[in-house]
Amino acid sequence: MDDDYHRQPPSDPATVHARLVAHRRLISRGVPCILWSDDAMKYVHRVPIMSPLQEILVPDELLKTSAAILKEGSYTSIPFTKEHLDLWPPNNNKSYFPDGILLQHWDIPAHDPYIFDPIPRKILLLPQSYYGLDVRSKERFQSLVPPLHASNTDILVPKYHTCLEGLVTFIMNPPVGLEPIHLRGISRHLCDISHLLNYRVDGNDKNGVNYDDDDDDDDDDDDEDEGDGDSKPPVHGELRPEEHVIFSELQTEEARWFLKILWEQGRWAQAKDIKEFYRRKSLASASPTMAPSARMDDSRRYFSSLCLAKKSLSSRSSPMRDFSVPKPCVRPTISASYGQRIITASRLFLRRVM
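Explain the packing of aromatic side chains residue by residue, including any values.
Inspection of the entire model under this criterion finds 11 aromatic pairs. Aromatic side chains tryptophan 36 and tyrosine 131 sit 4.8 Å apart centroid to centroid with 55° between the ring planes, which places their arrangement in the tilted category. Here tryptophan 36 is found in strand 1 (residues 34-36), whereas its partner tyrosine 131 is found in the loop between strand 5 (122-127) and strand 6 (141-142), with 95 residues between them in sequence. What makes tyrosine 131 buried here is its relative accessible area of 0%. Site record: aromatic cluster; members linked through ring pairs are Trp36, Tyr96, Phe97, Tyr130, Tyr131 and Phe170.

Below, the structure is given as structure tokens:
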């Protein structure tokens, strides 16, 4: 589990174990899966959030297989509900999870989704590529064991920085594209980033920075004398100590760039910023500077290819030129008229610049 920097107490292991029954079912059938979204934030990173929906990330090629396994139990496929559909044109009534599969427990009524709590009423299966994650990258995940039962050992739990990196990946590379932007999909993931930052940096401290609100509060002047005065929101461009720690933990260039804009400029990166980021990144990767060792390796490969060519040519039956005997170097001669033209051009150039 994470360090105890949150005020939210850790969840009861028995409750978490009961909630993760679908994960264990998938793993028992050979499908690796990742704990994600509200479950990861609440049970691992101690963000006080709860939803009857459970999101599970699986390898892209095993998405339909995962759905078939869960359908063998008490779940059935349903269309996406309004919380996953955009309300604004041109993406209205379109889901921001085009390949996702939404399942619903057939025995849990809609009017009381928590009747069998903590068993989730709905499960959303998503491809891991949406968030740039890979179940084989074990270093990006942690374990729920202990304190959970050993049967939960193989459930992959994203580390704190992995959660942030995955959310940023979705925002910068949404599966439905940046044009036109899917407002509900982007805003939902920005909200998740806000929760993670709020409850780690500030511990839900009323004097801390509110990442959910970019606007100035008109009542700030009336409340400026409240509190002990030791915990004040920093001005934009100044990172708080915990923000420095978070920044040092991030492993992806996209996440560092995205959060740097938030912390230094006090705003979320816009679509135009993201496009410019990738444009510059593309230009930088188009003409990479070759390291000396790489140049040396290329020279060795080139020399080896010459040796192979020589061997191949010498083995032919037709007489070929012997590559081992160098030809004398003959310097090309320059005619008098050509040399005179060079001298004349040089004199004209000198007259113009002097």
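Can you break down the packing of helix 8 (residues 241-249) against helix 9 (residues 253-265) residue by residue, with the values?
Two numbers describe how helix 8 lies on helix 9: the axes approach to 10 Å, and their chain directions differ by 165°. Judged on the interaxial angle alone, helix 9 and helix 8 are roughly antiparallel. Where helix 8 crosses over helix 9, the handedness of that crossing is left-handed. In this structure, helix 8 contributes Glu243, Ile246 and Phe247 to the contact, and helix 9 contributes Arg256, Lys260 and Trp263. Broken down by class, the residue content of the contact of helix 8 with helix 9 amounts to 3 nonpolar, no polar and 3 charged.

Please provide a residue-by-residue account of the nonpolar core, values included.
Counting 46 residues, the largest nonpolar core has Tyr131, Leu164, Ile193, Leu197, Phe258 and Leu259 as the members making the most contacts within it. When residues of this core are traced back to their parent elements, those giving at least two are strand 1, strand 2 (53-58), strand 5, helix 5 (160-172), helix 6 (183-202), helix 9 and helix 10 (271-286). Ranked by residues supplied to this core, first place goes to helix 5 with 8 residues. Apart from the residues lying within four places of it in its own chain, the contact partners of leucine 259 are Leu164, Ile193, Leu197 and Leu250. Among the nonpolar cores identified, the runner-up in size contains 15 residues, and Cys33, Leu63, Ala67 and Leu125 belong to it.

Could you give me a rundown of the pattern of salt bridges, with the residues and numbers involved?
As enumerated under the stated definition, the model contains 16 salt bridges in all. Where aspartate 39 meets arginine 19, a salt bridge forms, and the shortest distance between an N and an O atom there is 3.1 Å. Here aspartate 39, found in helix 3 (residues 37-43), pairs with arginine 19, found in helix 1 (residues 13-19); they are 20 residues apart in sequence, far enough to count as distant. Like arginine 19, aspartate 39 is buried. Connected through shared salt-bridge partners, Arg25, Arg29 and Glu72 make up one network.

Give me helix 10: which residues, what numbers.
With 16 residues, helix 10 extends 22 Å from end C-alpha to end C-alpha; this agrees with the ideal 22 Å at 1.5 Å per step. Listing the buried residues of helix 10 in full gives Asp273, Ile274 and Phe277. One side of helix 10 holds all its buried residues, which, seen down the axis, span an arc of 100°. Along helix 10, the residues that are exposed and aim more than 90 degrees away from the buried face are Lys272, Leu283 and Ala286. In this structure, the buried side of helix 10 is in contact with helix 5 and helix 9.

Account for the environment of proline 79, with residues named and values stated.
Among the secondary structure elements, proline 79 is positioned in the loop between strand 3 (75-77) and strand 4 (101-105). Overall, the relative accessible area of 67% leaves proline 79 in the exposed class. C-alpha separation for the pair proline 79 and leucine 103, spaced 24 residues apart in sequence, amounts to 8.5 Å.

Can you explain the pairing of strand 5? Please cite residues and give values.
Across the 6 residues that make up strand 5, a large majority, 6, are buried. Burial along strand 5 is two-sided: Lys122, Leu124 and Leu126 and Ile123, Leu125 and Pro127, pointing in opposite directions, are all buried. For strand 2 and strand 5, the ladder comprises 6 bridges, and the chain directions are parallel. Looking at the pairing, glutamine 54 lines up with isoleucine 123 of strand 5. Sheet topology places strand 4 next to strand 5; 4 bridges connect them, and they run antiparallel. Opposite glutamine 104, over in strand 5, you have lysine 122 as the bridge partner.

Could you give me a rundown of the packing of helix 6 against helix 8, with the residues and numbers involved?
In contact at an axis separation of 9 Å, helix 6 and helix 8 are set at 130° when each is read in the N-to-C sense. Compared by their axis directions, helix 6 and helix 8 come out oblique. Helix 6 and helix 8 meet at a crossing whose hand is right-handed. Contacts between helix 6 and helix 8 pair Leu197, Arg200 and Val201 from the former with Glu242, Glu243, Val245, Ile246 and Glu249 from the latter. Here the contact of helix 6 with helix 8 is built from residues that sort into 4 nonpolar, no polar and 4 charged.

How would you sum up the environment of histidine 84? Please name residues and give values.
Structurally, histidine 84 can be placed in the loop between strand 3 and strand 4. Considered as a pair, histidine 84 and serine 95 are 11 residues apart in the sequence and their alpha carbons are 5.4 Å apart. Apart from the residues lying within four places of it in its own chain, the contact partners of histidine 84 are Leu53, Lys94, Ser95, Tyr96, Phe97, Leu124 and His182.

Could you give me a rundown of the pairing of strand 4, with the residues and numbers involved?
Across the 5 residues that make up strand 4, a large majority, 5, are buried. Here strand 4 shows two buried faces, one formed by Ile101, Leu103 and His105 and the other by Leu102 and Gln104. Sheet topology places strand 3 next to strand 4; 3 bridges connect them, and they run antiparallel. Each bridged residue has a counterpart across the sheet, and for tyrosine 75 the counterpart in strand 4 is histidine 105.

Rules of the game
- Residues numbered from 1 in each chain as written.
- Predicted model: local features only at pLDDT ≥ 70, side-chain atom pairs only at ≥ 80, totals over all residues.
- Heavy atoms only, no water.
- Phe/Tyr/Trp six-rings, centres within 6.5 Å; stacked < 30°, edge-to-face > 60°.
- Helix = DSSP H or I, 4+ residues; strand = E, 2+ residues; numbered from the N terminus.
- Buried < 20%, exposed > 50% of the residue type's maximum accessible area, 1.4 Å probe, protein only.
- Axes fitted to C-alpha atoms, helices over the stretch in contact; angles between N-to-C directions.
- Parallel < 35°, antiparallel > 145°, perpendicular 65-115°, else oblique.
- Left-handed = near helix turned anticlockwise from the far one by under 90°.
- Contact = heavy atoms within 4.5 Å.
- Nonpolar A, V, L, I, M, F, W, Y, C, P; charged D, E, K, R; others polar.
- Core = buried A, V, L, I, M, F, W, Y, C linked by side-chain atoms within 4.5 Å.
- Salt bridge = Lys/Arg side-chain N within 4 Å of Asp/Glu carboxyl O.
- Expected span 1.5 Å × (residues − 1).
- Arc of directions from axis to C-beta.
- Pairing = 2+ DSSP bridges.

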